[in-house]
Amino acid sequence: MPRITYHEPDREFICEHEANGTILEVSLAHGIAHYHACDAKGRCTTCRVLVVAGHENLRHRTAAESRVARQRRWPDEIRLACQARLTGDVAVRRLVVDDVDAELIYPGCASPQPGCDGHEASLAVMFCDIGDFTTFAAGHLPHDVVHLVNRYYQAIGEAVLWNHGYIDKYMGDGIMALFSLGERDARRCCRAAIRAGLQAMARMAELNHYAERQFGRRFDLRIGLHYGPVVVGHVRSYVSAATKSGLQDTSGMRSITPSFQEDTGYGRTACRCRFEGQAG
Ligand code: FES
């Protein structure tokens, strides 16, 4: 029976288990609070261990682990515990273990329990903001800016909510929305996001009439849509609040909104869609 020697910061202990199990399976079977944020799918780094001895007694990296190791440029001694299968004795040191980690994983809990954050889902993400809003905000009184932003939030928020979207966050004049939590059909997610985007443009056109009267100017709404896998879960803040949030590779999203503009009939509006996977 393979044995794992755990080198923890304050102690050492040994656990035995069936051959071919993963290090993470052994940890959890023995009640060790071994963090595994992606639920053992090989898509995070939180379960990683340093193999102190017996490296040859672990099977080769899986494809998922190889991808992570390549990105991070890990040496052979760093392994993902959820992917590394045992063929013999090893000694490991967990790398996500200190009090700060424990507090992040189990807030306010003195004795952490094993667990994971968030779940994966394929969703449509809509991001929109107002072009050149910073200049407007800098040149107007704060209460006037807040007044306009509230009307803008209301207009875009209604377009999102009417299409079963979830407003994930507000960032100044930026709004990020998810379509649609709990929906598994890619087409429905995308259609809902596109409908919301079109309605948002129509609502912005109405808002522009008001802005023209009140502030003597119009605003350009910029919208980016993206469909693909995200991690949906609660992001904990330092204070205590927890928010549901969708996190994804947004490197594409960031470049979407300012880079593409066309006249849609609602005024000068930027809108671009990007899809990954089977959107249909
Ligand atoms: S739990 Fe995420 S990679 Fe192992």
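Notes on the structure follow. In every chain, residue numbers begin from 1 and rise along the written sequence. Only residues with pLDDT of at least 70 are given local features in this predicted model, and only at 80 or more are side-chain atom pairs given and counted; all residues enter the totals for whole chains, interfaces and linings.

**Focus on the overall build of the chain**
Here a strand is any run of E in DSSP of at least two residues, a helix any run of H or I of at least four, and the numbering for each starts at the N terminus. Counting secondary structure elements, the chain contains seven helices and twelve strands. Partly exposed residues are those whose C-beta has more than 12 but fewer than 20 other C-beta atoms within 10 Å; with 20 or more the residue is buried, with 12 or fewer it is exposed, and the C-beta atoms are placed from the backbone. Within the span of the chain, comprising 280 residues, buried residues form 29% of the whole. Note on contacts: residues are paired as contacts if their backbone-placed C-beta atoms lie within 7 Å. Put simply, 67% of the contacts in the chain that link residues at least 6 apart link residues at least 24 apart.

**Quick look at the pairing of strand β2 (residues 12–16)**
Sparse coverage of β2 is indicated by the burial of zero of its five residues. Two strands qualify as a pair provided DSSP detects at least 2 bridges between them. Of the strand pairs in this sheet, strand β1 (residues 3–7) and β2 are connected by five bridges, and their pairing is antiparallel. From the neighbouring strand, Thr5 faces β2, where its bridge partner is Ile14. Turn length for the β1-β2 hairpin, with the two strands adjacent in sequence and antiparallel, is four residues.

**A look at the nonpolar core**
Counting 32 residues, the largest nonpolar core has Ala124, Met126, Phe179, Ala193, Ala196 and Ala200 as its most contacted members. Looking at this core element by element, the count peaks at nine residues for helix α6 (residues 186–215). Discounting chain neighbours no more than four positions away, the residues touching Met126 are Ala177, Phe179, Ala193, Ala196, Gly197, Ile223 and Leu225. Of all hydrophobic cores here, the second largest spans 21 residues; its members include Ile4, Cys38, Cys44 and Val92. Any nonpolar core is a set of buried residues, restricted to Ala, Val, Leu, Ile, Met, Phe, Trp, Tyr and Cys, that join up through C-beta atoms within 7 Å.

**What to know about the pairing of strand β3 (residues 48–53)**
Two strands pair when backbone bridges link them, and β3 and strand β4 (residues 78–80) are joined in this way by three bridges, in the antiparallel orientation. The residue of β4 that forms the bridge with Leu50 is Ile78. Alignment of β3 against strand β5 (residues 90–94), held across four bridges, turns out to be antiparallel. Its bridge partner being in β5, Leu50 is matched across the sheet by Arg93.

**Concerning the environment of Arg59**
Following the sequence through the fold, Arg59 ends up in the loop between β3 and α2 (63–72). As a C-alpha pair, Arg59 and Thr22 span 37 residues in sequence and 9.5 Å in three-dimensional space. If we ignore the near neighbours within four places in the chain, the residues touching Arg59 are Arg85 and Thr87.

**Focus: the packing of helix α5 (residues 142–162) against α6**
A fitted line through C-alpha atoms serves as each axis, taken over the contacting stretch for helices, and the angle formed by two N-to-C directions is quoted from 0 to 180°. Axis separation between α5 and α6 bottoms out at 8 Å; the angle between their running directions is 155°. Compared by their axis directions, α5 and α6 come out roughly antiparallel. At the point where α5 passes α6, the crossing takes the right-handed sense. Note on element contacts: α6 touches α5 through Ala196, Gln199, Ala200, Arg203, Met204, Leu207, Tyr210 and Ala211, opposite Leu148, Arg151, Tyr152, Ala155, Ile156, Glu158, Ala159, Val160 and Trp162. Any angle that is under 35 degrees is reported as roughly parallel, and any over 145 degrees as roughly antiparallel; angles of 65 to 115 degrees are reported as roughly perpendicular and all others as oblique. Helix crossings fall into two classes, left-handed where the near helix is turned counterclockwise from the far one by less than a right angle and right-handed where it is turned clockwise.

**Observations regarding the environment of Asn20**
Tracing the chain through its elements places Asn20 in the loop between β2 and α1 (23–29). Separated by 66 residues in the primary sequence, Asn20 and Leu86 place their C-alpha atoms 4.9 Å from one another. When residues no more than four places from it in sequence are discounted, the contact partners of Asn20 are Arg85 and Leu86.

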